[in-house]
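# Close look at the chain arrangement
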Amino acid sequence: PFRHRPLNHRTFVFPVELNAQSSVQVLIRVQTSGNVQMPLTLWEKDAFYEESQEALTVQGIYFGIMLVMALYNLFIFITLRQRSYLYYVLFVVAIGVFQGTIQGLSSQYLWPDNVWWAQKNVPFLMGTVVLFGGLFTLKFLRLKTILPRLYRLMAGVVGAGLLLCFASFVLPYHSVIRLAAGIVIFGCVCCLAAGLFGWRKGLVEARYY
């Protein structure tokens, strides 16, 4: 839980007091039911905070752009009532929250003490990215009428994304994260193929897609 962390930071940071000309042994025990990334870096205090501020600035710019994209397309959806824009908004939001989770920001600001959800949300968000990305592709490229074969394939991608969302709650993390990686890669390839085939068909929307 975030409230148990010694420092209010998006990553796992803890202070170590080192006296000059001394030898210190630090033992770290990590226990997890899933995979773990554990790069260890020893920082001088001031240098650490300086680097953290620079990283926070870059992240602020990135998530600010994502927010503007979501709000702009939400406004277009409200104005035009075209579902493709709604799917795109949900797609952007899913990617933004997923990136925030990978960077540790979601655990810091959105669910600081919900350890159960902090573990489940990564494959779930990967599923929502595939789900809404697939729905946007289906609607925006008008695959049902332009490319019916690709429409069936993309409908399968959408189904796989929905299945992954449900699987994230019932399968062990180490199993569902492998499934998620495969589905995301397959979904990306299918979306790219849909755009390229639509472009070859002379579909104007495919150029922007």
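Nothing here was measured: the structure is a model prediction, and the numbers come from that model.

Here is what the cut-offs are and how they apply
- Residues numbered from 1 in each chain as written.
- Predicted model: local features only at pLDDT ≥ 70, side-chain atom pairs only at ≥ 80, totals over all residues.
- Heavy atoms only, no water.
- Core = buried A, V, L, I, M, F, W, Y, C linked by side-chain atoms within 4.5 Å.
- Buried < 20%, exposed > 50% of the residue type's maximum accessible area, 1.4 Å probe, protein only.
- Helix = DSSP H or I, 4+ residues; strand = E, 2+ residues; numbered from the N terminus.
- Contact = heavy atoms within 4.5 Å.
- Phe/Tyr/Trp six-rings, centres within 6.5 Å; stacked < 30°, edge-to-face > 60°.
- Lys NZ or Arg CZ within 6 Å of the ring centre and 35° of its normal.
- Axes fitted to C-alpha atoms, helices over the stretch in contact; angles between N-to-C directions.
- Parallel < 35°, antiparallel > 145°, perpendicular 65-115°, else oblique.
- Left-handed = near helix turned anticlockwise from the far one by under 90°.
- Nonpolar A, V, L, I, M, F, W, Y, C, P; charged D, E, K, R; others polar.
- Expected span 1.5 Å × (residues − 1).
- Bend = angle between axes of the 7 residues up to and from the residue.
- pLDDT = per-residue confidence, 0-100.

### Some thoughts on the nonpolar core
Counting 35 residues, the largest nonpolar core has V122, M126, L141, L143, M154 and L164 as its most contacted members. For this core, the secondary-structure elements that each account for two or more residues are α1 (45-80), α2 (83-102), α4 (115-140), α6 (148-170) and α7 (173-200). Here this core gets 9 residues from one element, more than from any other, and that element is α4. For V122, the residues in contact, after removing those within four places along its chain, are F98, T101, Y173 and I177.

### A word on the packing of aromatic side chains
Under the counting rule described, the total for this entry stands at 13 aromatic pairs. On the numbers, 6.0 Å between centres and 25° between planes, the contact of W116 with F169 is stacked. You can see W116 sitting in helix α4 and its partner F169 sitting in helix α6, a full 53 residues away along the chain. Joined through ring pairs, the aromatic side chains of Y88, F91, F136, F140 and Y209 make up one cluster. Over the face of the ring belonging to F12 we find R5, whose NZ or CZ atom lies 4.0 Å from the ring centre. When the ring centre of F77 is taken as origin, the NZ or CZ atom of R81, which lies over that ring, is 5.9 Å away.

### Considerations on the environment of F166
Mapped onto the elements of the fold, F166 is located in helix α6. For F166, a relative accessible area of 56% puts it in the exposed group. In this structure, the C-alpha to C-alpha distance between F166 and T101, residues 65 residues apart in sequence, is 19 Å.

### Some points on the packing of α4 against α7
Viewed as axis vectors pointing N to C, α4 and α7 meet at an angle of 20°, and their least axial separation amounts to 10 Å. Accordingly, the angle class assigned to the pair α4 and α7 is roughly parallel. As for the relative orientation of α4 and α7, their crossing is left-handed in sense. Listed contacts from α7 to Q119, V122, P123, M126, V130, G133 and T137 of α4 are Y173, V176, I177, A180, A181, I183, V184, C191 and A194. Tallied by class, residues from the contact of α4 with α7 come to 13 nonpolar, 3 polar and no charged.

### Regarding α4
With 26 residues, α4 should reach 38 Å at 1.5 Å per residue; the first-to-last C-alpha distance of 37 Å fits that figure. Of all the bends found along α4, the most pronounced is centred on N121 and spans about 40°, while P123, a proline, follows it within four residues. For α4, the buried fraction is high: 19 of the 26 residues fall into the buried class.

### Quick word on the confidence of the model for the chain
For the chain, the average pLDDT comes to 89, and 99% of its residues sit at 70 or higher. Mean pLDDT in the chain bottoms out at helix α5 (residues 143-146), which sits at 85, and peaks at α2, which reaches 94.

### What about unusual backbone geometry?
If you check the backbone angles, Q21 has positive phi at about 60° while not being a glycine. Tracing the backbone shows Q21 in the segment before α1. Judged by relative accessible area, which is 85%, Q21 ranks as exposed. Unusually for a residue other than glycine, R81 sits at a positive phi of about 60°. Mapped onto the fold, R81 is located in the loop between α1 and α2. Relative accessible area serves as the criterion here: at 60%, R81 is assigned to the exposed category.

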